[in-house]
Protein chains: 2
Amino acid sequence: MSYYKNRTLTFKNSYVSDGYTVAGPKENDGRLRGCFDLSLSSDMFGEKTFEKAERRMFEHAISSAIAKANLTIDHIDAVFGGDLLNQIVSCSFAMRNIHTGFFGLYNACATFVESLILGSGMLNNGLENVLCVSGSHFSTAERQYRYPLELGVLRSPVTQWTATGVGCTVLTSSPELKCPRITHATVGRVVDYGVMDTNNMGAAMAPAAVDTLVTFLHDTESKSTDYDLIATGDLGKLGGDIFVDLLQRQGIDIRGRHIDCGAYLYFDSQQTYQGGSGAACSALVFNSMILNDINKGKYNKVLLIGTGALMSPTTSFQGETIPAIAHLVEIDRR
Amino acid sequence: MSYYKNRTLTFKNSYVSDGYTVAGPKENDGRLRGCFDLSLSSDMFGEKTFEKAERRMFEHAISSAIAKANLTIDHIDAVFGGDLLNQIVSCSFAMRNIHTGFFGLYNACATFVESLILGSGMLNNGLENVLCVSGSHFSTAERQYRYPLELGVLRSPVTQWTATGVGCTVLTSSPELKCPRITHATVGRVVDYGVMDTNNMGAAMAPAAVDTLVTFLHDTESKSTDYDLIATGDLGKLGGDIFVDLLQRQGIDIRGRHIDCGAYLYFDSQQTYQGGSGAACSALVFNSMILNDINKGKYNKVLLIGTGALMSPTTSFQGETIPAIAHLVEIDRR
């Protein structure tokens, strides 16, 4: 494995001012029940289609995050965001009502951490407040990536469940009060180990997460034990186990300090098999539980690793493998 | 119209080291014949599918841009890029063979200028060399966004022709030789004037381009006459006329110094109706003719405005309008 020094960045002035989450009903029946800012009783959110519901979740999360941070839209210099739908229409269409600069992003389920990296970097170019937002919806993703919902296709035991929700983080360059800092990031590269089973994306993404974490630890000369929590985005249970195993072979033991946001989100009884997936996973878990626990002093140093599988239905139909990417940010309570 | 001061950024150390273009056969039969680094005799590029051909164009453009700038992949800290296919698979899959950090972007045909803005901004975070890449392919876009190619659907007179090609820019923070600088940028916001005709994207995008240019001129206290060239991405002929008209109503006359990359790309005899569109337009024209003309001293100050229509087939089927975005960069020969 080779290392690219400049994949790891240092940020001087990126502070996590606030986080806001809106979650679907199944997500609020899971392990984070009561942790979300808004929990929906229906994943239609009063709209006529699932796609319009997903967009409304973006609109709601963005405007509520601004209000929660005691800001108005005039304070927000740019929004960095994306989702899983073709042409990232959920986030793009939500931006019709949010009159500030927009950078549309797509790194599949790694988009949330990608947005934190680019948002942090652009704060170093004179911006004062930016939003980082990402989300997904089970029913829009299922019918775009897999099968019509009405078909009732049986799910394979290695599948994950696309989480429904949107998480939005407010980053600021000059906080009034003490708040956690994003201190470093390692930019993911595209890694492809030849996995072709689109029902087993955790296996495809685990090597990318290993590559990024090993690069980060090398570049910053730090040890995994320096961190209170190492959270991956949506490797799921099986992918998470592969991630931990691959790291152990390199002499890195993260047992006891690792959670996977996707695997954590649901109870076993909710029949999501390997747990959650989707661009909502890391955005929901980070902006609720992880950020709360950092602010309460439970964690001082956290690594958040967003993981994304970059295939499309077209590439899979054309016999391609599944490339993956993982972006990492270091969050420090100090 | 309201202004958001921080939509306009100032860059201190973003230099355009080199540009590389690979273009399809129809593009090389147009006005820029002989200007491209590689002109393909077939838009299949030796591959079995149009999608694989588009990806190969990305792989070729990225590796050739690195070589043209006398660099190796070890010098490249990150790639900022995207394309028009669902899940931006052309760019993402090309990155399997380019072992450095990757930021996947999607702002439709404004993606190239988005990549220049984010690449320039991240150079201010310790990166030394980055690549900004974008492209499109007529046949992959046509069958994803419109109709099967075999159907032979008649084209409306207000349509544009998705350009086939990829353009890649090498940005550096510390050039050895004199080269043009990216001095300012204005980040686009999403603008929606209610246009619903997906065959007339120029009309949908023109107001976004006006919003961004007016914001830029206001924020930098500059005049349109300060610029030798104001190039829009892919408004096409009709959209370009609307753009010029809307600006005139605000007292801004850009006649004689405006070209639209899409409209410029083809001769009338090539029957593209309103000219070119697609993420390749601004990337092809900027990285060939415009950059050459800046380097030769024909232009000293240039504005490049990438324009993107953010709808998807799903949103159009669901009766939605077409939101648009326009990102702007200022390039200075000094």
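Parameters at a glance
- Residues numbered from 1 in each chain as written.
- Chains lettered and ligands numbered in written order.
- Predicted model: local features only at pLDDT ≥ 70, side-chain atom pairs only at ≥ 80, totals over all residues.
- Heavy atoms only, no water.
- Least-squares fit on C-alpha atoms with pLDDT ≥ 70 in both.
- Contact = heavy atoms within 4.5 Å.
- Phe/Tyr/Trp six-rings, centres within 6.5 Å; stacked < 30°, edge-to-face > 60°.
- Helix = DSSP H or I, 4+ residues; strand = E, 2+ residues; numbered from the N terminus.
- Buried < 20%, exposed > 50% of the residue type's maximum accessible area, 1.4 Å probe, protein only.
- Lys NZ or Arg CZ within 6 Å of the ring centre and 35° of its normal.
- Salt bridge = Lys/Arg side-chain N within 4 Å of Asp/Glu carboxyl O.
- Polar contact = N/O pair within 3.5 Å; in protein donor to acceptor, adjacent residues only side chain to side chain.
- Nonpolar A, V, L, I, M, F, W, Y, C, P; charged D, E, K, R; others polar.
- Core = buried A, V, L, I, M, F, W, Y, C linked by side-chain atoms within 4.5 Å.
- Patch = residues over 30% accessible without salt bridge, like charges linked within 9 Å, V, L, I, M, F, W, Y side chains within 5 Å.
- Areas by Shrake-Rupley, 256 points an atom, 1.4 Å probe, with all protein chains shown as cover.
- Axes fitted to C-alpha atoms, helices over the stretch in contact; angles between N-to-C directions.
- Parallel < 35°, antiparallel > 145°, perpendicular 65-115°, else oblique.
- Left-handed = near helix turned anticlockwise from the far one by under 90°.

Q: Would you take a moment to explain the relation of the copies chain A and chain B for this structure?
A: Superposition of the two copies of the chain requires a rotation about an axis together with a shift along that axis. Overlaying chain A with chain B gives an RMSD of 0.0 Å, the required rotation being 180 degrees about an axis along which the chain moves by 0.0 Å. Here the symmetry operator amounts to a two-fold rotation axis. For chain A, the smallest separation between a C-alpha atom and the rotation axis is recorded for Leu105 of chain A, amounting to 2.2 Å. The share of interface residues of chain A whose copies in chain B are also at the interface is 100%, consistent with both copies meeting through the same surface.

Q: Please explain the packing of aromatic side chains as it appears in this structure.
A: The description of an aromatic ring pair uses the distance of the two centres, along with the angle that the planes make with each other. Residues and elements named next belong to chain A. In the structure shown here, the tally under the stated rule is eight aromatic pairs over all chains. Measuring from centroid to centroid gives 4.9 Å for Phe80 and Phe103, while their planes differ by 25 degrees, and the two rings are stacked. Of this pair, Phe80 sits in strand β4 (residues 78–83) while Phe103 sits in strand β5 (residues 101–104), and the two are 23 residues apart along the sequence. Comparing Phe80 with Phe103 shows no difference in burial state: the two are buried. Over the ring of Phe45 we find Arg56, and its NZ or CZ is 4.2 Å from the ring centre.

Q: What is the right way to read the pattern of salt bridges from this model?
A: For side chains of opposite charge, pairing can occur when their charged atoms come near one another. Inspection of every chain in the model, using the stated rule, returns 31 salt bridges over all chains. Here Asp211 of chain A ties to Arg7 of chain A by a salt bridge, and the two come within 3.0 Å at their closest N and O atoms. Taken together, the positions of Asp211 of chain A in helix α6 (residues 201–220) and Arg7 of chain A in the segment before β1 (8–10) put the pair 204 residues apart, joining distant regions of the chain. You'll find Asp211 of chain A and Arg7 of chain A in the same group, each marked buried. Salt bridges sharing partners connect three or more residues here, namely Lys52, Arg55 and Arg96 of chain A together with Asp192 and Glu320 of chain B.

Q: Would you explain the interface of chain A and chain B in this entry?
A: One frequent convention defines the size of an interface as the accessible area lost when the parts assemble. The partner chain B presents 61 residues to the 61 residues of chain A that form the contact. Applying the counting criterion to the chain A and chain B interface returns eight salt bridges. Along the contact surface separating chain A from chain B lie 37 residue pairs in polar contact (both at pLDDT 80 or more). Broken down by secondary-structure element, the contributors of at least two residues to the side of chain A that touches chain B are α2 (50–68), α3 (89–94), β5, α4 (111–123), α5 (138–146), α10 (313–317) and β14 (324–332) of chain A. Looking at the side of chain A that touches chain B, the element that brings in the most residues is α4 of chain A, giving five residues. Looking at side-chain class alone, the side of chain A that touches chain B contains 26 nonpolar, 22 polar and 13 charged residues.

Q: Could you clarify how one ought to interpret the nonpolar core in this entry?
A: Nonpolar side chains tend to gather and get buried jointly when the protein is soluble and globular. Counting 96 residues, the largest nonpolar core has Ile290 and Leu304 of chain A together with Ile290 and Leu304 of chain B as its most contacted members. Ignoring any residue separated from it by four or fewer positions in sequence, one finds Ile290 of chain A in contact with Leu229, Ala231, Cys261, Val285, Tyr299 and Val302 of chain A. If you look at the next biggest cluster of nonpolar residues, it comprises 74 residues, including Ala94 and Val166 of chain A together with Leu40 and Ala279 of chain B.

Q: Can you walk me through the side chain of Gln87 of chain A in this structure?
A: Mapped onto the fold, Gln87 of chain A is located in the loop between β4 and α3. Here the side chain of Gln87 of chain A touches Tyr145 of chain B through a polar contact of 3.0 Å, side chain to side chain. Not counting residues up to four positions away in its chain, the partners in contact with Gln87 of chain A are Ser92 of chain A together with Leu84, Leu85, Asn86, Tyr106, Gln144, Tyr145, Leu310, Met311, Ser312 and Pro313 of chain B.

Q: What exactly am I supposed to notice about a nonpolar patch on the surface here?
A: Taken together, the side chains of Tyr147, Leu151 and Val153 of chain A present a nonpolar region at the surface, about 280 Å² in accessible area. Note that Val153 of chain A resides in the loop between α5 and β7 (161–162).

Q: Just checking my understanding: could you explain the packing of helix α2 (residues 50–68) of chain B against helix α5 (residues 138–146) of chain B for this structure?
A: Packed helices, taken two at a time, are described by the angle between their axes plus the distance between the axes. Residue and element names in this part refer to chain B. Packing of α2 against α5 brings their axes to within 8 Å, and their N-to-C directions diverge by 130 degrees. Overall, the two elements α2 and α5 adopt an arrangement that is oblique. The hand of the α2/α5 crossing is left-handed. Note on element contacts: α5 touches α2 through Ser139, Thr140 and Arg143, opposite Phe50, Glu51 and Glu54. Of the residues assigned to the contact of α2 with α5, the class counts are one nonpolar, two polar and three charged.

Note that every value here comes from positions in space, so none of it alone points to a role or purpose.
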